[in-house]
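# Coordinates in review
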Amino acid sequence: MIYLDNSATTRPAPEVTDRMNRYAAENFANAGSVHRGGQRARVALEDAHDRLAQALGCEPKHIVLTSGGTESNNFALKGYAFACRKKHGLWPAILTARTEHHAVLQPVEFLAWQGAQVVYLDVDGHGRVSPDVLEAALQTIGDCAVRPVVSLMHANNETGVLNPIADLAAVARAHNGVFHTDAVQTFGKIPFTAPGLGVDMISMSAHKIHGPKGIGALYIGSGVELEPLIHGGAQQRNRRGGTEPVELAVGFDEAVRLALEHAGQSRAHIQQLDAMLRAGLSAIQGAEIVTPAQGALPGIVNVTFSDAAQLDGEGLIVGMDLQGVAVSNGAACTSGSQQPSHVLAAMGLSAERARAAVRFSLSRYSVPEDVQAGIEALQTVLKQVRGD
Ligand code: PLP
């Protein structure tokens, strides 16, 4: 299979599986145990915290390991809202955008149902939120008894479009807001640090960077208190109960180590393939590239078609799969639902164009032959569907 669906998940690096297997074969002790096995497990966990802290330019105490990006987003939003409610008896106002991943949108809807005020910020035609829009919304909300929370993603998982997070976070700070960013698609792929972005919380996930599924992390800056979502143990400084999954942490550690080691090289490689992919897709009759050439994460190219009404994205993806090429029509969790992408709809694309969209996503393991095969498979399937 030619795999061009790396925004959904990535192939675990061989170094990751090796290290996890070796660790699991040698030690299965609980990191909370006092004996030597337990101490060894604790060291492995601390190593993972240290590595993540190194990557983000923060202290290890600011990192909480979670089960992945979904939990990190839930923890950031619900943990903050529950802490406000517990301390002040009030829900915070929440500002976000309709282009966010469902792992942000659904916790936000849950909190709205609990009584929190939610403001959906307008996005431009590329799905970006401008600092001026955030400024105006925060001015309209005015002074709040509890600090409002802003949640805006770093790069969109369907289009790759980047939000100007440092500028947005500066606006939030000026209004005493707390800023969370879902960096699941960018962490380990483009360089940034927590102090550099100036944000309070950052969500990350291991399986998007050639690590194992089922582990992620949340960066929590000083001055932000979160109520745990999982009560039941003093693990992770009382922030998440439950025996830590040490093997997964070892895998995450290795994935981050590799991402840091190969950072510059991987980026240049992906940028080259991205340009090749864009050129090849642009040459296809009726293709309209949704992902802008500037201001997007290299490696994600979303394309729709001028004759979208005659096409069906799901059919294109199944057709490409039959040609041996794995791509996607947006978020992995919504595929199969036949719903047009909520992201493309929020950007103002028609339901037909949103439904016909195909997302190609690359990784450092992608090669030019994969890209070429992807372009050719799309051409073949379009010919079949259009009856050319
Ligand atoms: N946020 C974004 C932007 C994502 O792309 C994803 C995964 O698709 C998630 C959150 C959820 O991450 P996980 O699969 O680790 O729960």
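Quick look at the structure, then. (Residues numbered from 1 in each chain as written. Predicted model: local features only at pLDDT ≥ 70, side-chain atom pairs only at ≥ 80, totals over all residues. Heavy atoms only, no water.)

Moving on: the site of the ligand. In the vicinity of the ligand lie 13 residues, with T70, D182, Q185, S205 and K208 positioned nearest. With respect to the ligand, the side chain of K208 contributes an N or O atom lying 2.7 Å from an oxygen atom. Per-element accounting of the shell around the ligand gives the leading share, 3 residues, to helix α3 (residues 69-88). (Near = heavy atom within 4 Å. Polar contact = N/O pair within 3.5 Å; in protein donor to acceptor, adjacent residues only side chain to side chain. Helix = DSSP H or I, 4+ residues; strand = E, 2+ residues; numbered from the N terminus.)

Counting across every chain of the model gives 0 disulfides. Free of any disulfide, C144 has its nearest cysteine sulfur in C84, 10 Å distant. (Disulfide = S-S within 2.5 Å.)

Moving on, we come to the pattern of salt bridges. With the rule as written, the count across this model stands at 14 salt bridges. With a shortest N-O distance of 2.8 Å, E254 and R19 are connected by a salt bridge. Residue E254 is found in helix α9 (residues 246-282), and its partner R19 is found in helix α1 (residues 14-26); the two are separated by 235 residues along the sequence. Across the pair R240 and E71 runs a salt bridge, and its minimum N-O distance is 2.5 Å. With R240 in the loop between α8 (235-238) and α9 and E71 in helix α3, this pair connects stretches of sequence that are 169 residues apart. Accessibility expressed as a relative area gives 14% for R240, which makes it buried. Sharing partners across several salt bridges, the network here consists of R19, R51, D253, E254, R257 and E261. (Salt bridge = Lys/Arg side-chain N within 4 Å of Asp/Glu carboxyl O. Buried < 20%, exposed > 50% of the residue type's maximum accessible area, 1.4 Å probe, protein only.)

Moving on to the sheet that holds strand β10 (residues 300-305). Pairing is antiparallel across the open sheet formed by 3 strands, whose spatial order is β9-β10-β12. Both edges of this open sheet fall to β9 (287-289) and β12 (358-361), since each of them pairs with a single strand only. Ignoring strand direction, the axes of neighbouring strands in this sheet form an average angle of 30°. Of the strands in this sheet, β9, β10 and β12 touch α9, which is tilted by about 5° from β10. (Pairing = 2+ DSSP bridges. Axes fitted to C-alpha atoms, helices over the stretch in contact; angles between N-to-C directions. Contact = heavy atoms within 4.5 Å.)

Across 4 bridges, the pairing between strand β3 (residues 94-97) and strand β4 (residues 118-121) is parallel. Paired with T96 across the bridge in β4 is Y120. Handedness of the crossover joining β3 and β4 through helix α4 (residues 102-114) is recorded here as right-handed. (Right-handed = clockwise from strand over helix to strand, strands pointing away.)

Counting 58 residues, the largest nonpolar core has F179, F187 and F252 as its most contacted members. By residue number, the principal contributor to this core is helix α2 (residues 36-56), which donates 8 residues. Non-local contacts of F252, meaning those with residues more than four positions away in its chain, are made with L52, L65, F187, S205, A206, I209, P212, I215, G216 and A217. If you look at the next biggest cluster of nonpolar residues, it comprises 26 residues, including V301, A356, V358 and A377. (Core = buried A, V, L, I, M, F, W, Y, C linked by side-chain atoms within 4.5 Å.)

The quantities given are spatial measurements derived from coordinates; they are silent on function.
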